[in-house]
4 protein chains.
Amino acid sequence: MYSFKNDYSEGAHPNILKALMETNLVQQEGYGLDEYSCKAIEILRDKLNNPEANIHFVSGGTQANLIVISSILKPYESVISANSGHVNTHETGAIEATGHKINTIDTKDGKLRPEDVKYILEQHVDEHMVKPRTVYISNTTEVGTVYKKRELEELYSYCKENNLLLFLDGARLGSGLTAPDNDLSLSDLSRLVDAFYIGGTKNGGLLGEAIVISNESLKADFRYYLKQRGALLSKGRLLGIQFLELFKDDLYLRLASHANTMAAKLAEGIVEMGFSFLTNPESNQIFPILPDNIIDKLNQKFLFYVWSKEGDNMSSIRLVTSWATKEEAVDGFLKELKSLMEV
Amino acid sequence: MYSFKNDYSEGAHPNILKALMETNLVQQEGYGLDEYSCKAIEILRDKLNNPEANIHFVSGGTQANLIVISSILKPYESVISANSGHVNTHETGAIEATGHKINTIDTKDGKLRPEDVKYILEQHVDEHMVKPRTVYISNTTEVGTVYKKRELEELYSYCKENNLLLFLDGARLGSGLTAPDNDLSLSDLSRLVDAFYIGGTKNGGLLGEAIVISNESLKADFRYYLKQRGALLSKGRLLGIQFLELFKDDLYLRLASHANTMAAKLAEGIVEMGFSFLTNPESNQIFPILPDNIIDKLNQKFLFYVWSKEGDNMSSIRLVTSWATKEEAVDGFLKELKSLMEV
Amino acid sequence: MYSFKNDYSEGAHPNILKALMETNLVQQEGYGLDEYSCKAIEILRDKLNNPEANIHFVSGGTQANLIVISSILKPYESVISANSGHVNTHETGAIEATGHKINTIDTKDGKLRPEDVKYILEQHVDEHMVKPRTVYISNTTEVGTVYKKRELEELYSYCKENNLLLFLDGARLGSGLTAPDNDLSLSDLSRLVDAFYIGGTKNGGLLGEAIVISNESLKADFRYYLKQRGALLSKGRLLGIQFLELFKDDLYLRLASHANTMAAKLAEGIVEMGFSFLTNPESNQIFPILPDNIIDKLNQKFLFYVWSKEGDNMSSIRLVTSWATKEEAVDGFLKELKSLMEV
Amino acid sequence: MYSFKNDYSEGAHPNILKALMETNLVQQEGYGLDEYSCKAIEILRDKLNNPEANIHFVSGGTQANLIVISSILKPYESVISANSGHVNTHETGAIEATGHKINTIDTKDGKLRPEDVKYILEQHVDEHMVKPRTVYISNTTEVGTVYKKRELEELYSYCKENNLLLFLDGARLGSGLTAPDNDLSLSDLSRLVDAFYIGGTKNGGLLGEAIVISNESLKADFRYYLKQRGALLSKGRLLGIQFLELFKDDLYLRLASHANTMAAKLAEGIVEMGFSFLTNPESNQIFPILPDNIIDKLNQKFLFYVWSKEGDNMSSIRLVTSWATKEEAVDGFLKELKSLMEV
């Protein structure tokens, strides 16, 4: 059965495996001090247009989130997140396990805006409450929406005015940066957030996220955090080699672009059949709302998550495409849906 | 310059890379529920002669140590370790960061014996002190020594009599199990410790350690710990495929055996030149004690760590061999050392 | 200016000071093993009708909450609380600082009901999310409401069916147990929650809360938690003596009853003037909704907290009475309010 | 049986109880913002000759230690302590429970000197190890010895040269500052450590320690730490009133001086009988080494701790005197010891 469950159902882009083979027996320093990691950092700094950026490779998104957030906060400080934020809902309390509260707020499209942050700040005024210090967002968001440059500028500017740090979870940053309506670049990000990470696992890598720290005050001793949390791989080359390949000839953006194109094709087809969506389909995750009986039948031929009940006989489902999604599968899905509707 | 600094200077055994390529585009479930991981678990259970063993793959040793130890202990409980234990000296306080004290004791050869544990227990008698609950050992130890079956039996038996759990760090378990004097099998381990892990990173893998839990009381909900600590890789197949290859046709033991053979050859050559060792050379880490001026010169042709000052003009160095160590390099090292002595 | 800000504006009931003086020079064991603490525990067990109850005295409510909750939970487990719960809003992330997430839900009257807990449970289904294990409630609640026996029975019963533990914060338990509509006894509590505490600080003591553990599985090694969190006072006698006095001749209930009577008098007077309340006035905290201009003037003669905006020109205020509240002050407040209305 | 077990066997100095009675019904702000606490802080600042000192009252020593140390350290930083330090041996892992490692070193007299700290620093050189950042000492030490001004100057100076902070646990500071050989004043302390606390519990108070922060960089938001750790008493007046009394007419020093005089009399008597001591008797804790058979018999008439085995038939015992120790009891102890020797 073909799977639209997620963007990590396959292995890695072949270039990555090829590079692993070619470099396999070259002896290298351990713990991320190998020449591939160093070179990948140079290339990323160049793409970021930020020669001073602090860059570290870790093996996964939860690890990146918990390390960055806990490195920023003092024990009594908290992080603000949309209620739907990944750190709040799908990381088994990883942030709280480092000792910090997440202050949450409901937002329809998964994005945070200055007024959301303001609402939280106004509730936290003295030492009987935590002190919000970091704002966590993701691009794309947990519900597939994409930040516009203006939105990020406004949020960042509000953060700076209020002594807050802005951290962006980029597990699906590739899809965000190549979304049809996107107007953000890597270089913008480096300017408009204090720290973020570039997700490799969900965009063609075997595993790996590149943490980027722009804010000078967050750079010191960061490798201590990596080591303490079990994130400093002895064969760090494995991560460096992957990012080296992903950012050669913009492979990273090309892979994400394919995923977005496949999702857009799915979305168009579904729209044509007259269905609506939980959130606007903007990236490689889309959430069509379909009749429950059709969902049941679709599920016999395709794998995907049923996301939320939407009224009595309808639910939203989540369809995710990736660098590896085959156009035939997209066509097959649309054809199957169409035929189920005609029954 | 050829490096004897560690056993993670190269990539992975070619079989692993080959398997990654062959399986690359097969869609799989995420988070370690893929068919390769499931099959690897079956094979390991068979080798362990323990069909009920709980097995989980994680990406590194510090991660394995902190997850297992923190999953065992209540907040006020502690872990006992040799002073030289890796969790005590080289993990940046990873155990303490989960809230737990390490009770340490000096031991010359890096091993813990019942009398060492007894000494700690006798000092901890009421609620003004932590309550020791777990004993941490590693095989091979931090200084390259290897546990004998009798030693492990005595320690395990003492632990059971005193309501303690025994956890074995097997980052270099391959070298331990194939050491010339070894009389332990994987199946013995499964009987003689409550939990342990089988190190893949330092014995031919790209990354990966297989946590094995024998003790029934430690099995429940273990995947929650993995997720909370950032250890549940979305592409868990990467770990499963590697252990599948490593335990096919006993590749794991063959790789370790090569490392030990290379270390033994180094040790013999050094003994012949009349040098002694910090600890008995038993595995793939050996610690010859050499004159400082010779060490300086050796270091211009080979990479290795200088370990400890031993008297006025002597130091111990650490030489580590691996599955990838070339016999020519071993010969070259001995030849160089010999020629330096003759100067 | 007379203060209705809280129930801890004065010192202790004179009986307590008297007892401190009379026992002052008798030598006693430290750390809560003194004869006064032992005797107080016996008396409490008798009142609870639970000779096996585990009882410990600590110095404050946040301390009691964080110690009990963190002693119950495994690292990946969470506690469920009303959004308005004290642990969620006014303890500076004390629970999260012990590593645990609080799962919250909005409830109008500050109480949790089985359907609230069910809603949370249904959202937490696998290892990507925390595992709710404890339900936190308080009686009286943060907004002054009081649990009925039937409500507690239903909640406890739901908890037991779903493998949850029920913990009750009794910082203002005296007021709850002597509220006009109360039908719960200390003995009921001992049956209907797994652990709770009896607040001394806010009902006549200098400081002190008595933690009561009924559930057998939570009793072991509890003193270790106390010590580790800095809650084991070397002069534990200070706490024991107070509870001994408070539970002699039901002083505790008589003091709370006075507070409730004073609050009821305030509430009746305010109702007579035609004002409504944020929540039903049931205990020693009441929340009348008054015009903002009147609040400003009242505040020049009486101290109290302005609680929440309620419409354009109205706000709720919090009035708290205590064992020490003077009836003249209550009369004075009502008279002042009346005269302000007539202006 | 008369007890020399500790200095917290009795209640409080009568002046304190008297002050509690006299102020009992005056309404005050909560959480340490009452007028007594404010006034006590003014008086202490004056004694410290440090008008900018940040001063906070908490209820006990373990609480003071864990709050100060965890407020100073980043997650990967550690605290250096003598092996015998109270935080290392008798606080149930309270420091580790906040996430931090304690680096320990054996010292015969319980004091730390620059060379001890240097030894630890030299072992901690990169991100695979914790980063020592704070030095913990106590005065008097766990074994009753007293720091000289020169020793503290040297240690502080070494700390400053090495970017370390110096924290002094003053649970028994009164005894230290009035020891016969003491040359330190409160004002010196304020200059020579970055933070310390003045112990009230063991020198005439019911409970209470005054944390003093001199180092500007440690002052911000300290009340958040107090609240989060459960240390902000709602009736903070209880602590303020005590310190107000203790520092009125130097009562604090007079009480400590009495304890020291009683200990000196005990020590002199024991020396005259020909016994030696584990450490030099300098303060209100002394550790004579006596024959085991005599210890057994003494223990039938006096309470004290047996401290350590010293050879085959000898042990050291700990005798502690306090502000409340009766000279008759001291005489009685010496007489009993003498008569046991003559048997």
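Residues numbered from 1 in each chain as written. Chains lettered and ligands numbered in written order. Predicted model: local features only at pLDDT ≥ 70, side-chain atom pairs only at ≥ 80, totals over all residues. Heavy atoms only, no water.

A. Geometry of the packing of aromatic side chains. Here the structure, examined in full by the defined rule, presents 60 aromatic pairs over all chains. Considering the side-chain rings of F304(B) and F333(B), the 6.4 Å spacing of their centres and the 85 degrees angle between planes classify their relative orientation as edge-to-face. In this pair, F304(B) sits in the loop between β11 (302-303) and β12 (305-309) while F333(B) sits in helix α13 (residues 327-342), placing the two residues 29 residues apart along the sequence. Ring centres of F4(D) and F302(D) lie 5.9 Å apart, and the angle between their planes is 35 degrees; this geometry places the pair in the tilted category. Of this pair, F4(D) sits in the loop between β1 (2-3) and α1 (14-23) while F302(D) sits in strand β11 (residues 302-303), placing them 298 residues apart in sequence. Grouping residues by exposure puts F4(D) and F302(D) together as buried. (Phe/Tyr/Trp six-rings, centres within 6.5 Å; stacked < 30°, edge-to-face > 60°. Helix = DSSP H or I, 4+ residues; strand = E, 2+ residues; numbered from the N terminus. Buried < 20%, exposed > 50% of the residue type's maximum accessible area, 1.4 Å probe, protein only.)

B. Looking closely at the interface of chain B and chain A. Listed by partner, the interface residues are 49 residues for chain B and 49 residues for chain A. Both sides of the chain B and chain A interface together cover about 4,200 Å² of buried area, and 54% of this is carbon and sulfur. In terms of surface lost to chain A, no three residues of chain B exceed Y8(B), Q27(B) and K235(B), which account for 17% of the buried area on that side. For the pair chain B and chain A, the number of links is 2 salt bridges. The shortest N-O distance in the salt bridge between E29(A) and K5(B) comes to 3.0 Å. On inspection of chain B and its partner chain A, the count reaches 26 residue pairs in polar contact (both at pLDDT 80 or more). (Contact = heavy atoms within 4.5 Å. Buried area = accessible area lost by both parts, 1.4 Å probe. Salt bridge = Lys/Arg side-chain N within 4 Å of Asp/Glu carboxyl O. Polar contact = N/O pair within 3.5 Å; in protein donor to acceptor, adjacent residues only side chain to side chain.)

C. How the structure looks around the relation of the copies chain B and chain C. After a rotation of 180 degrees and a shift along the axis of 0.1 Å, chain B superposes on chain C with an RMSD of 0.0 Å. When the rotation and shift are considered jointly, the pair of chain copies conforms to a two-fold rotation axis. By C-alpha distance to the rotation axis, the residue of chain B lying nearest is K74(B), at 3.9 Å. (Least-squares fit on C-alpha atoms with pLDDT ≥ 70 in both.)

D. Fine view of the relation of the copies chain B and chain A. When chain B is fitted to chain A, the residual RMSD is 0.0 Å, and the transformation amounts to a turn of 180 degrees plus an axial shift of 0.0 Å. A share of 100% of the interface residues of chain B reappears at the interface of chain A, consistent with the copies meeting face to face through the same patch.

E. The arrangement of the interface of chain B and chain C in detail. Every contact between the two is made by 20 residues of chain B and, on the other side, 20 residues of chain C. Taken over both partners, the interface formed by chain B and chain C buries close to 1,900 Å², and the fraction arising from carbon and sulfur atoms is 55%. Taken as a group, Y76(B), E127(B) and Y224(B) account for 38% of the area that chain B buries against chain C, more than any other trio of residues on that side. For E127(B), the salt bridge is made with R223(C), and the minimal N-O distance between the two is 2.5 Å. Summed over the shared surface of chain B and chain C, the number is 8 residue pairs in polar contact (both at pLDDT 80 or more). At 5 residues, the largest contribution of residues to the side of chain B that touches chain C is made by helix α9 (residues 222-228) of chain B.

F. Layout of helix α2 (residues 35-48) of chain A. Residue and element names in this part refer to chain A. Relative to the 20 Å expected for 14 residues at 1.5 Å per residue, α2 spans 20 Å between its end C-alpha atoms, a close match to the ideal helical length. Taken residue by residue, α2 has Y36, S37, A40, I41, L44 and L48 as its buried positions. Down the axis of α2, the sector holding all buried residues measures 135 degrees, keeping them to one side. Exposed residues lying more than 90 degrees from the buried face of α2 are K39 and D46. Check the buried side of α2 and you find it contacts α1 (14-23), β2 (54-58), α9 (186-192), β7 (195-199), β8 (209-213) and α11 (237-246). The residue sitting at the N-terminus of α2 and contributing the capping side-chain oxygen is D34; that oxygen lies 3.1 Å from the backbone nitrogen of Y36. Downstream of α2 by one or two residues, N49 has phi in the positive range, about 55 degrees. (Expected span 1.5 Å × (residues − 1). Arc of directions from axis to C-beta.)

G. Just the UniProt feature "domain: Aromatic amino acid beta-eliminating lyase/threonine aldolase" (unreviewed entry) in chain A, in detail. The sites that UniProt annotates as "domain: Aromatic amino acid beta-eliminating lyase/threonine aldolase" (unreviewed entry) are residues 25-287 of chain A. Taken end to end, residues 25-287 of chain A is 41% helix and 15% strand, and its two terminal C-alpha atoms sit 45 Å from one another. (UniProt positions renumbered as here; feature names shortened; annotations may be inferred.)

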